[in-house]
Amino acid sequence: MPEEFEVRLPDGVRLHGETTGPVDAEVTAVLLHGWTLDGRSWHRQLAGLGRQLGDRVRLLTYDARGHGRSSCMALRTATLAQLGDDLATVLDEVAPTGPVVLVGHSLGGMTIMEYAHRHPEHFAARTAGLVFVATTAEGHTHTGYGLPPRVARLIRLAETTGAGVLARCGSWRPPRALLRALRPSLRWLLFGDRCDPTDIRLVTSAVARASLRSIGGFRASIGAQHRLDTLAELGDVPAAALVGDRDRLTPPPCAESIAGVLPTTELTVCPGAGHMLMMERPDEVDAAIVAVLRQALAAPAPKAAAAPEA
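Every value quoted in this text rests on a predicted model; they were computed, and no experiment measured them.

A few words now on empty space enclosed by the protein. Space left empty within the atom packing is revealed by a probe, the size of a water molecule, rolled over the atoms. Here the structure, examined in full by the defined rule, presents 1 cavity of 30 Å³ or more. Its volume calculated, the largest cavity comes out at about 90 Å³. Contributing to the lining of the largest cavity are Leu15, Leu32, His33, Tyr62, Ala64, Arg65, Leu83, Asp86, Leu107, Gly108 and Thr111. Mapped onto the lining of the largest cavity, the elements with two or more residues apiece are helix 2 (80-94) and helix 3 (107-118). Among the elements that make up the lining of the largest cavity, the one with the highest residue count is helix 3 (3 residues). Counted by class, the lining of the largest cavity contains 6 nonpolar, 3 polar and 2 charged residues.

Structural data, given as structure tokens:
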């Protein structure tokens, strides 16, 4: 059974998370969810990975600040930089020793990149593998929503304007009745050719638990981030990147650019899939994570973890 934990961050924000597997496992896999979602988005991986790797791997998920069961935060901290710092703190407190494999979906992948950028020594000492799922290192450069450029520009303008309004709404959460009405739009935006009804219900439930401040507040940081240079400096760390060819938010060029600067990356393009690959293509995502974990398990352990950074 999963064990719950809470991490209190220096600014008072409380992060809620869960771990599965022994504390003394050889490797810890940290699964980071996407924007407006929560740790439940990894439920198929949490079930499947344990069956394949047993007690050799500990699985760790947590809800980012302002998401899920974690507490809300000051608007000025709704940034990817802060999420990178939060990840470093979680590792120090919940998985302070041993190698880690970092798995990030969308915002979670960008969080990993920010962690590598802001805490390079900490990252190098701890990280034994990376898996990027439907994410980007280039902000909204390639985000066209699968629509003509002129229409995409109008949607982005409306989205960024609306995000600014939502960011000022504090810890309020979206009305569930509104989200039920928007479910067809979420299905179109996030999923590809097929969508299990239970998956769209889970996504809707996750968005309903995100604060309006987090839904709106992170938008500017997400759109502006550029971390290809950071990835290019990571050397020979084992890595994988997966993308759906129907992804309207982080289309294939996003994953291709990651693989282009990080030569160790095994690139997988999933036909007919959208942005929610963990749900749409769990077997492919599991296989990519397992492949990186097996490389981490076979590699020599890091000499020592870096001391926590101020």
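If you walk across this open sheet you meet the 8 strands as 1-2-4-3-5-6-7-8, and the pairing is mixed. In this open sheet, the two edge strands, each paired with only one partner strand, are strand 1 (3-8) and strand 8 (265-270). With direction set aside, neighbouring strand axes in the sheet form an average angle of 20°. Bridging between strand 5 (residues 100-105) and strand 6 (residues 127-133) involves 6 bridges; their strand directions are parallel. When the sheet's bridge partners are listed, Val100 is paired in strand 6 with Thr127. Contacts from helix 1 (residues 43-53) reach strand 3 (27-32) and strand 4 (57-62) within the one sheet, and its direction differs from that of strand 4 by about 170°. Strands in contact with helix 11 (residues 252-261) are strand 6, strand 7 (239-244) and strand 8; relative to strand 8, the strand with the most contacts, it is inclined by about 165°.

A few words now on the environment of Arg14. Tracing the backbone shows Arg14 in strand 2 (residues 14-20). On the accessibility criterion, Arg14 (32% relative accessible area) is partly exposed. Between the C-alpha atom of Arg14 and that of Arg180, which follows or precedes it by 166 residues, the distance is 28 Å.

Cut-offs and rules
Residues numbered from 1 in each chain as written. Predicted model: local features only at pLDDT ≥ 70, side-chain atom pairs only at ≥ 80, totals over all residues. Heavy atoms only, no water. 1 Å grid on protein atoms, 1.4 Å probe; cavity = no way out; pocket = protein on both sides within 12 Å on 5 of 7 lines; lining within 4 Å. Points joined across faces, edges and corners; volume = space filled by probe spheres on them. Helix = DSSP H or I, 4+ residues; strand = E, 2+ residues; numbered from the N terminus. Nonpolar A, V, L, I, M, F, W, Y, C, P; charged D, E, K, R; others polar. Pairing = 2+ DSSP bridges. Axes fitted to C-alpha atoms, helices over the stretch in contact; angles between N-to-C directions. Contact = heavy atoms within 4.5 Å. Buried < 20%, exposed > 50% of the residue type's maximum accessible area, 1.4 Å probe, protein only.

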